[in-house]
Amino acid sequence: MTNTIASGVTGKNTTVTQAKLCKPRDWPARVATLAGAAALALGLCAGPAQGAQVSMAFGEKIPPFCLPESNSGIELEVIGEALAHRGHVLRPKYYPFARIPLAVKNRDVAAAMTDLGQDMTAEGAFYGDPAVIYDNVFISLKERHLQIRKPADLQGLRVLSFAGAAKRYPEWLGPVAKAGRYFEQNDQALQVLTLNYGRYDVVLSDRNIFKYFSIKLAREHGLVSAPTTQQSFVKVNPMDYRPVFRDRGIRDDFNAGLKHLKDSGRFEAIYRKYLGDGAAE
């Protein structure tokens, strides 16, 4: 009589004779062998099974952070590689910014790049560590010698910004808009062009977005941007730019992967890929 024990290590059947199993002195060794084989089999099977397809909401187009046409960009690469560290696969889905929180609430996605100021803990979501930080600053031509330290310093100046900035910074931009000297532009490449041509006095933009388009215009159109001065006007809070996840375990895996990217230098390498040296802070 024989007993057949299926082994998950090789995928073949292992035959063990009844006589050998009946010797008491052999039991500890046999048990240890079988236990080790079972543990190894479980380990080999568990690795791929732990990986998940993570659908995640991103803004439609935020160069150089999100480039939907190529599924690339700083933010997509950082988040994608952080998730891949523990075997997960990022599946980006693109939405108008206002719809990103709604996609999470409606459970259309498993994660989102940001909460857009809406608390998602009430929706059962878990916050990850910041993958990237948007640092909005006032940018002017260096030759103008403008000093912008308080809202009144914008008086009389023509200000161009990204869409929705007036709602985000009403204290600073409200008076300018009321005076009819505030303008918004979705195409942020035009911010670089119009500032260089003197159409506007001040541009409000994220530092890295402005730098990206300056590099792009120089490479593709030979535009040599005039030297600029960048002035911070609000304190950056990294907690304002945290991704959210519906699964706590995937959130934890993302955080571990993000730490690995930063510790290994890969995080800075991704920034350099799009912005050159000294891009990531």
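This section reports on the structure supplied with the text. (Residues numbered from 1 in each chain as written. Predicted model: local features only at pLDDT ≥ 70, side-chain atom pairs only at ≥ 80, totals over all residues. Heavy atoms only, no water.)

A look at the pattern of salt bridges
So, step 1. One pass over the full model with this rule turns up 12 salt bridges.
So, step 2. As a salt-bridge pair, Glu77 and Arg266 come within 4.0 Å of each other at their nearest N and O atoms. Within this pair, whereas Glu77 is found in helix H3 (residues 74–84), its partner Arg266 is found in helix H10 (residues 266–275), the two being separated by 189 residues in sequence.
So, step 3. For Glu77, a relative accessible area of 15% gives the class buried.
So, step 4. Among the ionic pairs, Lys216 bridges to Glu220, the shortest N-O distance being 2.9 Å. Taken together, the residues span about one helical turn, with Lys216 and Glu220 both in helix H8 (residues 207–221) at a distance of four residues.
So, step 5. In this structure Lys216 comes out as partly exposed when scored by relative accessible area, which is 25%.
So, step 6. Ionic contacts of the salt-bridge type, sharing partners, join the residues Glu77, Glu81, Arg266 and Lys273 into one network. (Salt bridge = Lys/Arg side-chain N within 4 Å of Asp/Glu carboxyl O. Helix = DSSP H or I, 4+ residues; strand = E, 2+ residues; numbered from the N terminus. Buried < 20%, exposed > 50% of the residue type's maximum accessible area, 1.4 Å probe, protein only.)

With respect to the sheet that holds strand E4 (residues 89–95)
So, step 1. In space, the five strands of this open sheet follow the order E4-E3-E5-E12-E6, with mixed pairing throughout. Of all the strands in the sheet, just E4 and strand E6 (126–127) have a single pairing partner and so form its edges.
So, step 2. Pairing geometry for strand E3 (residues 53–59) and E4, over seven bridges, is parallel. Paired with Ser55 across the strands is Arg91, a residue of E4.
So, step 3. Contacts from H3 reach E3, E4 and strand E12 (244–245) within the one sheet, and its direction differs from that of E4 by about 150°. (Pairing = 2+ DSSP bridges. Contact = heavy atoms within 4.5 Å. Axes fitted to C-alpha atoms, helices over the stretch in contact; angles between N-to-C directions.)

Some thoughts on the environment of Ser214
So, step 1. Of note, Ser214 is situated in helix H8.
So, step 2. On a C-alpha basis, the gap between Ser214 and Leu275 in space is 9.9 Å, while along the polypeptide they are 61 residues apart.
So, step 3. Excluding residues within four positions of it along the chain, Ser214 makes contact with Val192 and Ser225.

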